[in-house]
Amino acid sequence: MVLFPGKTKFRKNQRGRVRGMATRGNALFFGEYGLQSLECGHLTVNQIEAARKTLAHYFKRGGKIWVRLLADKIMSARAAETRMGGGKGAPAKFVAPVRRGHILFEVAGVTLEEAKSALKLAGYKLPVETRFVGKE
């Protein structure tokens, strides 16, 4: 289960833009191998959970997985086929803003080949371009 905040300071956030390189969270910290983002974007809770489940299923309870994301930004959405005006839409989902270079997942306790193929499969579940990274 991916974490998201139970309570936030404000009910609705402004969308904003995610640009630039990640200055924090851009190095392997916990595991031996990782999945790094090559694009900026927003990842929803469902997308993060799908990738995490793919890793867990591939390793069959072997190895250790770290999720280096927290979906802490609220995205609002208007109802379908509504006219302009009438204010901002209701909160719809939580997203994690991701910059280029951010480490999304880390794994340890598995072989290099297992980690490469599992992280490649997990990358297919995400809307941003990713790459495999290992500790030097």
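Residues numbered from 1 in each chain as written. Predicted model: local features only at pLDDT ≥ 70, side-chain atom pairs only at ≥ 80, totals over all residues. Heavy atoms only, no water.

You'll find the chain entered in an unreviewed UniProt entry as Large ribosomal subunit protein uL16, with candidate division WOR-1 bacterium RIFOXYB2_FULL_48_7 given as the organism. What UniProt records for the chain under Subunit (unreviewed entry) is the sentence "Part of the 50S ribosomal subunit." Quoted verbatim from the Sequence similarities (unreviewed entry) field of the UniProt record, the comment on the chain reads "Belongs to the universal ribosomal protein uL16 family." (UniProt positions renumbered as here; feature names shortened; annotations may be inferred.)

## Observations regarding the pairing of strand β5 (residues 90-98)
Sheet analysis places strand β2 (residues 41-44) next to β5, joined by 4 bridges and oriented antiparallel. Within β5, the position partnered with H42 by the bridge is P97. Direction of pairing for strand β4 (residues 73-77) relative to β5: antiparallel, over a ladder of 5 bridges. In the sheet register, I74 faces β5, and the bridge partner there is F94. (Pairing = 2+ DSSP bridges. Helix = DSSP H or I, 4+ residues; strand = E, 2+ residues; numbered from the N terminus.)

## Details of the sheet that holds strand β1 (residues 33-37)
Here we have 4 strands laid out as an open sheet, ordered β3-β6-β1-β7, and antiparallel in their pairing. In this open sheet, the two edge strands, each paired with only one partner strand, are β3 (64-67) and β7 (130-134). Sheet twist, expressed as the mean angle between neighbouring strand axes with direction ignored, is 20°. As paired elements, β1 and strand β6 (residues 103-108) share 4 bridges and run antiparallel to each other. Bridged to G34 within β6 is E106. Running over the sheet, helix α1 (residues 45-59) touches β3 and β6 and is turned about 15° from β6. Against the sheet, helix α2 (residues 112-124) makes contact with β1, β6 and β7, and its axis sits at roughly 30° relative to β1, the strand it touches most. (Axes fitted to C-alpha atoms, helices over the stretch in contact; angles between N-to-C directions. Contact = heavy atoms within 4.5 Å.)

## Details of the environment of A56
Mapped onto the elements of the fold, A56 is located in helix α1. Classification of A56 as partly exposed rests on a relative accessible area of 31%. A56 sits 66 residues away from A122 along the chain, and the two C-alpha atoms are 9.9 Å apart. Aside from chain neighbours lying at most four places away, what touches A56 is R61 and I65. (Buried < 20%, exposed > 50% of the residue type's maximum accessible area, 1.4 Å probe, protein only.)

## With respect to the nonpolar core
Among the nonpolar cores identified, the biggest contains 23 residues, and L43, I48, L55, L104, F105 and V107 are the most heavily contacted of them. Among the elements of the structure, β1, α1, β5, β6 and α2 are those that each provide at least two residues to this core. With 5 residues, α1 is the largest single contributor of residues to this core. (Core = buried A, V, L, I, M, F, W, Y, C linked by side-chain atoms within 4.5 Å.)

## Observations regarding the packing of α1 against α2
Packed helices, taken two at a time, are described by their axes: the angle between them and the distance between them. For the pair α1 and α2, the least separation of the axes is 8 Å and the interaxial angle reads 150°. Put simply, α1 runs roughly antiparallel to α2. In this structure, α1 meets α2 at a crossing whose hand is right-handed. On α2, the residues that touch A51, T54, L55, Y58 and F59 of α1 are E114, A115, S117, A118, L119, L121 and A122. When its residues are assigned to classes, the contact of α1 with α2 shows 9 nonpolar, 2 polar and 1 charged. (Parallel < 35°, antiparallel > 145°, perpendicular 65-115°, else oblique. Left-handed = near helix turned anticlockwise from the far one by under 90°. Nonpolar A, V, L, I, M, F, W, Y, C, P; charged D, E, K, R; others polar.)

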